[in-house]
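Overview (structure and organization)
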Amino acid sequence: MIPSPLPPDFIPFNKPYLVGPELKYIAEAVALGKLSGNGIFTQRCQQFFEQVYGFRKALLTTSGTAALEMAALLLDLQPGDEVILPSFTFTSTANAFVLRGARIVFADSLPYHPNLDCSKVAKLITPRTRAIVPVHYAGVACDMAPLLHLAQKHNLCLVEDAAQAIESTYQGQALGSIGQLAAFSFHETKNIIAGEGGLLAINNPAFAERAEILWEKGTNRAAFFRGEVARYQWVDIGSSYLPSELIAAYLWGQLGALESIQQRRYQQWQRYYEALQPLARQGCFTLPFVPDYARHNAHIFYLLCTSLEERDALIRHLGQHRILAVSHYQPLHASPFYRARHDGRPLPHATAHAERLVRLPLYYELSLPEQQQVIAAVQSFYLGPCAR
Ligand SMILES: *Cc1c(COP(=O)(O)O)cnc(C)c1O
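In this text, all values refer to a predicted model and were calculated from it rather than measured experimentally.

Quick word on the domain arrangement of the protein chain
Domain parsing of the protein chain yields domain 1 (22-255) and domain 2 (258-387). For domain 1 and domain 2, the distance between their C-alpha centres works out to 26 Å. When the two sides are added together, the surface that domain 1 and domain 2 hide from each other amounts to roughly 3,500 Å², 59% of it contributed by carbon and sulfur. One salt bridge in this structure joins E167 and R295, with 3.9 Å as the shortest N-O distance. Across the contact surface, domain 1 and domain 2 share 21 residue pairs in polar contact (both at pLDDT 80 or more). Secondary-structure elements contributing two or more residues to the side of domain 1 that touches domain 2 are α2 (40-53), α4 (91-98), β3 (103-107), β4 (109-110), β5 (113-116), β8 (169-170) and α8 (245-255). In terms of residues, the side of domain 1 that touches domain 2 owes the most to one element, β3, which gives five residues. Residues belonging to the side of domain 1 that touches domain 2 are distributed by class as follows: 26 nonpolar, 13 polar and five charged.

What follows is the structure in structure tokens.
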């Protein structure tokens, strides 16, 4: 469990940060006199995503969760429709579709990676299947080619949960630009942050107009702002999915420093990888696997321990060294909410990742001495009797 509050001399697992201009931009937004959504900073951020990653249309949202909920609304899901997604993911991936009455068909992880096993998705498809939602865990791409093939063959929508995947690619193509829809998150635990915040990428132009209406409480206000309609009206269902300009201003400050933020994270990730390789070679744990088709974004550095007991002992050991390391998802198919709704298939690889995965501190302000402390503490756990 996370010690709460964390003692001040602890190396935290994550730390929200400023790169520089965020507060200046927030002051600018205040001076401009528009604090509600879809102002100048929102539009700058959206254009950034459209231009840099080639998304057909980008809409900032109040969270990654909100972006997923918008995706579920756009699919016009009916009760009983089925959505395939991994069990090893955050609740929002599934919850967004459950809110629309969909049935979740959970897919297992790969044996060697938390991402869903794309080769096993075909046999989960039924006549009720409407969408597949791959989650790019740790910013490492799922194998999109077989999923695209299945989506085309069965006329399914591919929605990328790219919450963790800014700057990551699949065969050179930006994640979030491959599915018809994709959700990103700027939660304070992600690489690029705005406190809470998210983005919906809309790559199928057929969804673009309606997305904007859902975003603006079911009205055509966005079109009105562009002078396309004389007044705005209630034209569809919707909600308030757009963030304040204060959030967009913070995000704009981060996006301007994207390269230096990412460079620092890659360095930290690589440092862990190289320093811990000797122990991995001895079989103490497994290091993160990155397939050839993926360029990852250093979102998470994790170890796969050999057992639940050893993982928990490692977390305790790091805690004794004043370092907060944390596990990750409990598989959703076994959650208190979904257990009774799940079709009963065991998902051993999702379960194994839940039991064996531990994430090490990785954040913008993690210093070299702090990281060396973490590395030394992991090494001291396995020193001598690695065969614990
Ligand atoms: C963070 C995250 C979300 C939710 O994003 P929020 O902005 O926190 O709502 C959804 N899916 C995955 C895989 C995430 O990591």
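Some thoughts on the site of the ligand
Neighbouring the ligand are 15 residues; G64, T65, D161, S185 and K190 lie closest to it. With respect to the ligand, the backbone of G64 contributes an N or O atom lying 2.7 Å from an oxygen atom. At 2.8 Å, a side-chain N or O of Q164 approaches an oxygen atom of the ligand. Relative to its free-state accessible area of 380 Å², the ligand is covered by the protein chains to the extent of 94%. Given that more than half its atoms are within 2 Å of the pocket grid, the ligand belongs to the largest pocket. Per-class residue counts for the shell around the ligand are four nonpolar, nine polar and two charged.

Re the packing of aromatic side chains
A full pass over the atoms with the stated rule returns 27 aromatic pairs. Ring plane angle 85° and centroid distance 6.5 Å describe the contact between F48 and W252, whose orientation is recorded as edge-to-face. In this pair, F48 is assigned in helix α2 and W252 in helix α8, connecting sequence segments 204 residues apart. Between F285 and Y382 the ring centres are 5.2 Å apart and the planes differ by 70°, which places this aromatic pair in the edge-to-face class. With F285 in strand β12 (residues 285-286) and Y382 in helix α12 (residues 368-382), the pair connects residues that are 97 residues apart, well separated along the chain. Here F285 matches Y382 in class, with each residue buried. Lying across the ring of Y364, R264 places its NZ or CZ 3.8 Å from the centre. The ring of F337 is capped by R341, whose NZ or CZ atom sits 4.0 Å from the centre of that ring.

Criteria and thresholds
- Residues numbered from 1 in each chain as written.
- Predicted model: local features only at pLDDT ≥ 70, side-chain atom pairs only at ≥ 80, totals over all residues.
- Heavy atoms only, no water.
- Domains from an automatic or database assignment.
- Buried area = accessible area lost by both parts, 1.4 Å probe.
- Salt bridge = Lys/Arg side-chain N within 4 Å of Asp/Glu carboxyl O.
- Polar contact = N/O pair within 3.5 Å; in protein donor to acceptor, adjacent residues only side chain to side chain.
- Helix = DSSP H or I, 4+ residues; strand = E, 2+ residues; numbered from the N terminus.
- Nonpolar A, V, L, I, M, F, W, Y, C, P; charged D, E, K, R; others polar.
- Near = heavy atom within 4 Å.
- Areas by Shrake-Rupley, 256 points an atom, 1.4 Å probe, with all protein chains shown as cover.
- 1 Å grid on protein atoms, 1.4 Å probe; cavity = no way out; pocket = protein on both sides within 12 Å on 5 of 7 lines; lining within 4 Å.
- Sits in = over half its atoms within 2 Å of the grid points.
- Phe/Tyr/Trp six-rings, centres within 6.5 Å; stacked < 30°, edge-to-face > 60°.
- Buried < 20%, exposed > 50% of the residue type's maximum accessible area, 1.4 Å probe, protein only.
- Lys NZ or Arg CZ within 6 Å of the ring centre and 35° of its normal.

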